[in-house]
Amino acid sequence: MTDDEASSSKVDPNGEPLTENEGWKTSDQAKIVSCDIIDIYNRDIPFFIRADLENVAKQLDSHKEGTLEDDTLHLTNLKGEDVEIILNPTVPSVWKDTRCDHGDRREGPYIYYRSIQKTIDYLDMESFDRQSAYLPFAVLYPSPTRHTHYSDVPPTISIRRLNKVLGKKRKSWEACEQYSHLKGLLKSNEILLRNVNKVVAFACGTMVDGSEIKRDNVTQHAFILSVQKILLKMKGRVARSFLPPFLSKGKSADIGVRCISQDPAYWPLDKQVLFGAGVHVLEDPVAFLEVDHNSIVVSIDANAPIQQIIADLGRPAAIIWQKLVEGVNTPNTAKAREWGDPSSTRVQKMLDNEYTKLELKNHVALKNIILYIRRDIK
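Report follows, based on the coordinates.

Basis of the calculations
Residues numbered from 1 in each chain as written. Predicted model: local features only at pLDDT ≥ 70, side-chain atom pairs only at ≥ 80, totals over all residues. Heavy atoms only, no water. Helix = DSSP H or I, 4+ residues; strand = E, 2+ residues; numbered from the N terminus. Buried < 20%, exposed > 50% of the residue type's maximum accessible area, 1.4 Å probe, protein only. Contact = heavy atoms within 4.5 Å. Areas by Shrake-Rupley, 256 points an atom, 1.4 Å probe, with all protein chains shown as cover. Core = buried A, V, L, I, M, F, W, Y, C linked by side-chain atoms within 4.5 Å. Axes fitted to C-alpha atoms, helices over the stretch in contact; angles between N-to-C directions. Parallel < 35°, antiparallel > 145°, perpendicular 65-115°, else oblique. Left-handed = near helix turned anticlockwise from the far one by under 90°. Nonpolar A, V, L, I, M, F, W, Y, C, P; charged D, E, K, R; others polar. Salt bridge = Lys/Arg side-chain N within 4 Å of Asp/Glu carboxyl O. Polar contact = N/O pair within 3.5 Å; in protein donor to acceptor, adjacent residues only side chain to side chain. Pairing = 2+ DSSP bridges.

1. What to know about the overall build of the protein
The helix and strand tally for the protein stands at 11 helices and 13 strands. Counting only residues that meet the buried cut, the protein has 51% of its 378 residues in that class. Considering only contacts within the protein whose residues lie at least 6 apart along the sequence, 71% involve residues at least 24 apart. As displayed, the protein offers around 18300 Å² of accessible surface, 51% of which is attributable to carbon and sulfur atoms.

2. A few points about the nonpolar core
Among soluble globular proteins, nonpolar side chains are generally buried collectively. Formed by 57 residues in total, the largest nonpolar core has its most connected members in Leu73, Phe202 and Phe288. Sequence-distant contacts of Leu73, defined by excluding residues within four places in its chain, comprise Val56, Gln59, Leu60, Leu68, Val83, Glu84, Ile85, Leu87 and Val139. Listed in part, the 46 residues of the second largest apolar core include Leu186, Ile224, Ile296 and Leu371.

3. Observations regarding the packing of helix α6 (residues 159-173) against helix α9 (residues 268-277)
Relative to each other, α6 and α9 sit at 50 degrees, their axes nearing to 10 Å. Taken as axis vectors, α6 and α9 run oblique relative to one another. Between α6 and α9 lies a crossing whose hand is right-handed. Of α9, the residues touching α6 (which contributes Ile159, Leu162, Asn163, Leu166 and Arg170) are Leu269, Asp270, Gln272, Val273 and Ala277. Considering only residue class, the contact of α6 with α9 consists of 6 nonpolar, 2 polar and 2 charged.

4. Some thoughts on the environment of Ile296
With respect to the helices, strands and loops of the structure, Ile296 is situated in strand β10 (residues 295-299). In this structure, the C-alpha to C-alpha distance between Ile296 and Gln228, residues 68 residues apart in sequence, is 9.3 Å.

5. Remarks on the side chain of Ser295
Here Ser295 shows up in strand β10. When neighbours within four sequence positions are excluded, Ser295 is seen to be in contact with Val196, Lys198, Val200, Glu290, Pro316, Ala317 and Ala318.

6. A look at the pattern of salt bridges
One pass over the full model with this rule turns up 21 salt bridges. In this structure, Lys271 and Glu283 form a salt bridge, with 2.9 Å as the shortest nitrogen-oxygen distance. Of this pair, Lys271 sits in helix α9 while Glu283 sits in the loop between β9 (279-281) and β10; the two residues are 12 residues apart in sequence, bridging distant segments of the chain. Judged by its relative accessible area of 31%, Lys271 falls in the partly exposed class. Residue Glu283 is classed as partly exposed on the basis of its relative accessible area of 42%. Several salt bridges share partner residues, and in doing so they unite Asp44, Asp312, Arg346 and Lys349 into one network.

7. With respect to the side chain of Asp104
With respect to the helices, strands and loops of the structure, Asp104 is situated in the loop between β2 (82-86) and β3 (110-113). Among the polar contacts made by the side chain of Asp104, one reaches the side chain of Arg105 at a distance of 2.8 Å. Contacts of Asp104, omitting those with residues within four sequence positions, involve Arg99, Pro264, Ala265 and Asn303.

8. With respect to the pairing of β3
Going residue by residue along β3, you find Tyr110 and Tyr112 tucked away on one face and Ile111 and Tyr113 tucked away on the opposite face as well. Where β3 lies against strand β4 (residues 137-140), 4 bridges are found, and the strand directions are antiparallel. Residue pairing for β4: Ile111 is matched across the bridge by Val139.

9. Here we look at the sheet that holds strand β12 (residues 355-359)
Taking strand neighbours across the sheet as the criterion, the 7 strands line up as β9-β8-β5-β10-β11-β13-β12 in an open arrangement whose pairing is mixed. Bordering the open sheet on either side are β9 and β12, each of which pairs with just one other strand. Neighbour-to-neighbour, the strand axes of this sheet turn through a mean angle of 20 degrees, independent of strand direction. Where strand β8 (residues 258-262) meets β9, 3 bridges bridge the pair, whose relative direction is parallel. Bridge pairing in β9 places Ile260 opposite His280.

10. Brief notes about unusual backbone geometry
For the bond from Gly108 to Pro109, the omega torsion is 0 degrees, close enough to zero to count as cis. Topologically, Pro109 is positioned in the loop between β2 and β3. The amide bond that connects Asp284 to the next residue, Pro285, takes the cis arrangement and shows omega of 10 degrees. One non-glycine residue, Asp71, lies in the positive phi region at around 50 degrees. With respect to the helices and strands, the residue Asp71 is situated in the loop between α3 (50-65) and β1 (72-76).

Functional significance is not addressed by these values, which are geometric in nature.
Structure follows, in structure tokens:
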């Protein structure tokens, strides 16, 4: 066998053929790092840490303000090492973001979150760098070539029209049987959800493309607003039930439920309309920092490993996201390697051990979602 034939016969850990420039993936050093990352993961060491996300958010803010020293970002990898990233789109990167572009990276720099599947197989690296290989997330600039099957045209409709569309969609959603079923499930778990004070949604998508309304995405926003509405009514009843009899007929002092949404794909028009509807739109990664045990997380069709991030950051009171589909987003399958939001063994352990799974009635605009409610911990 010639050297060229030997190179072309190499495969990655999943049996996929490697190109001539990807031979490093089978090197001894790459294998050692991959095995070490698996060991770190199996020891339940968090990959996504709140302090690290706070740190990158502050540095990106400084970069926008022009005050980041030498335009150099500092990230901490899984070995506790400092990794420098120069924020200059002309500087070659070790990364390749092969996800379909949903409009979530029109500009840079942006945060790129790595699933465990891509991390251990180096699916997102152009070349091997040991320190970078241990990063759970990186900061990139958009590729000149966009991988997309979505149209992504700036809105040409008025804020008035989009407001009207969202209002009508909220009414139609709240009149359907899927909403009634969701409402019944949440109300039947009223006590477990009594302390929820926010709905935190991820990747609901832009509601408009040029002059075209993206109706599935509008429905997703109607959905999160309806969850907020249900919780507000529930909290009012539960709060009053804990008040002394002489106060129970009045209003509780603090029964608010905020609705928060984060999606880098939002246009300014989306943000204006959502603000008017009472949704707090936060920039990436700030909404992740809002996730805690008093939140409900909603992530319907994400293009980032939201499930894996949430499993590391906290234990929300309830979670609504895509149902596990065997062979698609299950932890150890070929498709999971390329899936935007795959599950993982850590995610499944969290859900199996700490949450009760409740089926939701299928709705075409809401994909294949399911409700998980955290069990009462005494």
